[in-house]
Amino acid sequence: LPTLAWSEWQIKPYVGVAFGGTTTLIDLAEEAGQPNLTVGASAVLVGQVLGVEGDFAYTPGFFGEETLVTSSSVKTLTGNLYVALPRKWFLYTLRPYVVGGGGIIQVRADDFIGAFPIDQTLPAWDVGGGATGFVNDRIGVSWELRYFRGFSGDDPTGVSFGSETLSFFRANMALTI
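Before going into details, it helps to say that this report is about the structure given with it. (Residues numbered from 1 in each chain as written. Predicted model: local features only at pLDDT ≥ 70, side-chain atom pairs only at ≥ 80, totals over all residues. Heavy atoms only, no water.)

1. Some remarks on the overall build of the chain
Worth spelling out the cut-off: Here a helix means four or more residues in a row that DSSP labels H or I, a strand means two or more in a row labelled E, and each is numbered from the N terminus. For each residue, the accessible area found with a 1.4 Å probe, counting protein chains only, is set against the maximum for its type, and the residue is called buried under 20%, exposed over 50%, and partly exposed in between. Values of accessible area rely on a 1.4 Å probe in the Shrake-Rupley scheme; residue burial ignores everything except the protein chains shown.
When helices and strands are tallied, the chain shows zero helices and eight strands. The order of α-helices and β-strands along the chain, N terminus first, is β-β-β-β-β-β-β-β. Buried positions account for 41% of the 177 residues belonging to the chain. Working note: accessible area of the chain is about 9,300 Å², and carbon and sulfur atoms make up 65% of it.

Right, dumping it as structure tokens:
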């Protein structure tokens, strides 16, 4: 007889920090590399080893919000392949996983005189890993570190030095349902 296929849905609302950013976009306050609060959620459908994931995050104030930059944000939306170590090996402990895929990064920033507004949507890829542990059959926690890189073609739009790029790391902790 064939064996039963096993899979589970995981919903992961999270809070974290984006840090280590670099960009060719005009960064008037030079804040892209500074830590910034990030909130988001991901949804995972995972079997014994392989799965798929959708992830959305919002980082307000990515380029600072002081005298030069009046408002800024970065949003990421990615679809990923999710590879976890077999569930049966990690029933009562943290289950490690890696993720990688692609999507978009939306970048927005306004300066105090309106000379260098940024409103770009860049194709992107991401890669990372983490671990999830459950405290009962339905609730758990997850820790994760990811790297994001957004890029554009060779035709700059005037808000960057060369082609537009943006990269950063994100570390987060999630409630796993």
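2. A short note on the nonpolar core
Rules: What is meant by a nonpolar core is a set of buried Ala, Val, Leu, Ile, Met, Phe, Trp, Tyr and Cys residues, joined one to another through side-chain atoms within 4.5 Å. Between two residues, a contact is recorded if the distance between any of their heavy atoms is within 4.5 Å.
One finds Phe62, Phe63, Val74, Ile105, Val107, Leu166 and Phe168 to be the most contacted residues of the largest nonpolar core, which totals 16 residues. Elements supplying a minimum of two residues to this core: strand S4 (69-84), strand S5 (95-111), strand S6 (118-134) and strand S8 (165-176). Among residues more than four places away in sequence, those in contact with Phe168 are Ala18, Phe19, Gly20, Gly21, Phe62, Val74, Thr76, Ile105, Arg146, Tyr147 and Phe148. Among the nonpolar cores identified, the runner-up in size contains six residues, and Val44, Tyr82, Ala84 and Val99 belong to it.

3. Quick look at the pairing of strand S1 (residues 8-23)
To keep it simple, the criterion reads: Note on pairing: two strands pair once DSSP finds at least 2 bridges between them.
Where S1 lies against strand S2 (residues 36-46), 11 bridges are found, and the strand directions are antiparallel. Residue pairing for S2: Glu8 is matched across the bridge by Val46.

4. Considerations on the sheet that holds strand S7 (residues 140-151)
Keep this limit in mind: Axes, fitted as lines to C-alpha atoms, cover a helix only where it is in contact. Angles between the N-to-C directions of the axes lie from 0 to 180 degrees.
Ordered by their spatial adjacency, eight strands build a closed barrel running S1-S2-S3-S4-S5-S6-S7-S8, and the pairing between neighbours is antiparallel. Going across the sheet, the axis of each strand differs from the next one's by a mean of 25°, ignoring polarity. Across 15 bridges, S5 lies against S6 in antiparallel orientation. For Pro96, the partnering residue across the bridge sits in S6 and is Ala131.

5. A look at the packing of aromatic side chains
Note the threshold: Side-chain rings of Phe, Tyr and Trp, where Trp is taken by its six-membered ring, are said to pair if the distance between their centres is within 6.5 Å; with planes under 30 degrees apart they count as stacked, over 60 as edge-to-face, and otherwise as tilted.
The final tally for this structure, using the stated rule, is seven aromatic pairs. A centroid spacing of 5.7 Å and a plane angle of 20° characterise the contact between Phe19 and Phe169, whose relative ring orientation is stacked. In this pair, Phe19 sits in strand S1 while Phe169 sits in strand S8, placing the two residues 150 residues apart along the sequence. Looking at Phe19, the relative accessible area reads 29%, which means it is partly exposed. For the ring pair Tyr82 and Tyr97, a centre distance of 4.7 Å and an interplane angle of 20° mean the geometry is stacked. Taken together, the residues Tyr82 in strand S4 and Tyr97 in strand S5 connect sequence positions 15 residues apart. Comparing Tyr82 with Tyr97, the two get one shared label, buried.

6. Let's talk about the pairing of S6
Both faces of the sheet carry side chains from a regular strand, because those side chains alternate between them. Here S6 runs beside S7; their pairing, made up of 11 bridges, is antiparallel. Bridge pairing links Ala124 to Gly150 in S7. In this structure, the hairpin formed by S6 and S7 is closed by a connection of five residues.

7. A few points about the side chain of Glu53
Applied cut-off: Nitrogen and oxygen atoms within 3.5 Å of one another constitute a polar contact, given that in protein one can donate a hydrogen and the other can accept it, and given that sequence-neighbouring residues count only through two side-chain atoms.
Considering the arrangement of structural elements, one finds Glu53 in strand S3 (residues 50-60). The class of Glu53 is buried, set by a relative accessible area of 5%. For Glu53, the side chain forms a polar contact with the side chain of Asn80, separated by 2.8 Å. Within the local environment of Glu53, its side chain forms a polar contact with the side chain of Arg146, the two groups lying 2.5 Å apart. Excluding residues that lie within four positions of it along the chain, Glu53 makes contacts with Ser42, Ala43, Val44, Thr78, Gly79, Asn80, Tyr82, Val99 and Arg146.

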